[in-house]
Amino acid sequence: MSATIDAREPFDVVAIGAHPDDVEIVMGGTIAALTARGLRVLIVDLCDGEPTRYAPRGARREQAARAAELLGASRTILDFHDRLLEDTPLTRIAVAAVIRRSRPRFVLASDGSGVHPDHKAVTDIVTHAVFYARLPKWNEVPGGEALADSDPHEIDRLFYGHCRMERPWHDFDFAVDVTGAYPRKTEAIDVYRSVFCGPQAARLERFRTEDQYVGSLVGVEYAEAFKARSPLLVADPTAFVKTPFG
């Protein structure tokens with residue numbers, strides 16, 4: 001599957017992060033599990049993550065393409081700048097344009113609260129972009145030209161995964177069992193030698209430990225935690241999977 005596209009084709013899920021590697025770390029197992037079921041997933045990075053700590057310019061973009069391929073996903077990288085991401089009308093419109101063109105049922109983002117300002121920004125950008133994507137008549141709004149050539153689109157659900165640079169969550173709304181997909185997640189993260197090298201390599205074990213901990217709470221080996229933008233709704237409460245202690 002192509003790792004770089006112009007996001008003008010339909011996808012089931014759009015997963016959005018600030019930099020290449022964010023999506024893989026937060027929800028790579030979920031993406032691998034979804035694509036294994038035949039769902040089409042588009043990863044969107046708001047920037048290319050340059051300059052990176054341990055490699056020349058361009059290496060992280062190449063690694064991102066390989067990581068998406070390993071997860072079975074497609075990928076597109078927007079033209080904003082690492083360290084300088086802000087929740088502005090411009091960034092909201094750019095992400096809303098991707099959502100309108102890819103027309104997903106589900107949008108996934110990370111939940112950041114400010115340890116890295118880019119991660120806080122992407123949380124707010126995506127939240128507002130989902131709202132922008134559903135609104136009509138952008139041709140009548142100054143600066144709305146990027147949305148004027150696409151139809152409004154309202155997603156089914158917006159979910160946030162836990163950004164690993166932030167403080168631990170005390171609770172979450174649901175977890176995805178990613179045990180079977182975990183080798184693919186690990187392989188995709190390992191591609192990023194431009195980031196996880198030298199002292200930074202120790203982070204990989206911390207990421208795995210968190211996934212193990214979340215898994216222990218729900219009775220599986222590895223799981224990824226998510227929060228929902230709005231209350232969860234099911235047509236049938238028996239749809240929930242058994243967990244320890246009921």
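Calculation notes
Residues numbered from 1 in each chain as written. Predicted model: local features only at pLDDT ≥ 70, side-chain atom pairs only at ≥ 80, totals over all residues. Heavy atoms only, no water. Phe/Tyr/Trp six-rings, centres within 6.5 Å; stacked < 30°, edge-to-face > 60°. Pairing = 2+ DSSP bridges. Helix = DSSP H or I, 4+ residues; strand = E, 2+ residues; numbered from the N terminus. Axes fitted to C-alpha atoms, helices over the stretch in contact; angles between N-to-C directions. Contact = heavy atoms within 4.5 Å. Parallel < 35°, antiparallel > 145°, perpendicular 65-115°, else oblique. Left-handed = near helix turned anticlockwise from the far one by under 90°. Nonpolar A, V, L, I, M, F, W, Y, C, P; charged D, E, K, R; others polar. Polar contact = N/O pair within 3.5 Å; in protein donor to acceptor, adjacent residues only side chain to side chain. Buried < 20%, exposed > 50% of the residue type's maximum accessible area, 1.4 Å probe, protein only. Core = buried A, V, L, I, M, F, W, Y, C linked by side-chain atoms within 4.5 Å.

What follows covers the packing of aromatic side chains. Geometrically, a pair of aromatic rings is defined through the distance of the ring centres and the angle of the planes. Across all of its chains, the model carries six aromatic pairs by this definition. Taken together, the ring pairs connect Phe106, Phe159, Phe174 and Phe226 into an aromatic cluster.

Before going further, it helps to examine the sheet that holds strand β3 (residues 74–80). The seven strands are arranged β3-β2-β1-β4-β5-β7-β6 in an open sheet whose pairing can be described as mixed. At either margin of the open sheet sits one strand with a lone partner, and together these are β3 and β6 (174–177). Across the sheet, the mean angle from the axis of one strand to that of its neighbour is 30 degrees, orientation sign disregarded. As judged from the five bridges shared by strand β2 (residues 41–47) and β3, these two strands associate in the parallel manner. The partner of Ile43 across the bridge, within β3, is Arg75. Across the face of the sheet, helix α3 (residues 89–102) comes into contact with β1 (13–17), β2, β3 and β4 (106–111) while running at roughly 160 degrees to β3. Strand contacts of helix α7 (residues 203–218): β5 (157–162), β6 and β7 (223–228), with the helix running at about 75 degrees to β7, the strand carrying the most contacts.

The next subject is the packing of α3 against helix α4 (residues 117–133). Look at α3 against α4: their axes get within 8 Å of each other, and the N-to-C directions meet at 60 degrees. The angle between α3 and α4 places the two elements in the oblique class. For the element pair α3 and α4, the recorded crossing hand is right-handed. Residues Pro89, Thr91, Arg92, Ile93, Val95, Ala96, Ile99 and Arg100 of α3 form the contact with α4, whose participating residues are Ile125, His128, Ala129, Val130, Tyr132 and Ala133. Its residues assigned to classes, the contact of α3 with α4 shows ten nonpolar, two polar and two charged.

Moving on: the side chain of Arg60. Checked against the element boundaries, Arg60 lands in helix α2 (residues 59–71). A polar contact of 2.9 Å, which involves the side chain of Arg60, links it to the backbone oxygen of Gly49. Setting aside chain neighbours within four positions, we find Arg60 in contact with His19, Pro20, Asp21, Asp48, Gly49, Glu50, Thr52, Tyr192, Ser194 and Val195.

This next bit is on the environment of Glu24. Of note, Glu24 is situated in helix α1 (residues 22–36). Here Glu24 falls in the buried class, since its relative accessible area comes to 0%. Every residue in contact with Glu24, bar those within four places of it in the chain, is listed here: Ala67, Leu71, Arg75, Lys185, Ala188, Ile189 and Tyr192. Side-chain polar atoms of Glu24 contact the backbone nitrogen of Asp21, separated by 3.2 Å. Looking at Glu24, its side chain comes within polar contact range of the side chain of Arg75, at 2.7 Å.

Counting residues in each nonpolar core, the largest one holds 31 residues, and the members touching the most others are Met27, Ile31, Ile43 and Phe196. Counting only elements with at least two residues in this core, the list comes to β1, α1, β2, α2, α6 (182–190), α7 and β7. The dominant element in this core, judged by the number of residues it contributes, is α1, at seven residues. With near-sequence residues (within four places) excluded, Met27 lies in contact with Ala15, Leu108, Ala109, Ser110, Gly161, Glu224 and Phe226.

No statement about biological role is implied by the geometric values presented.
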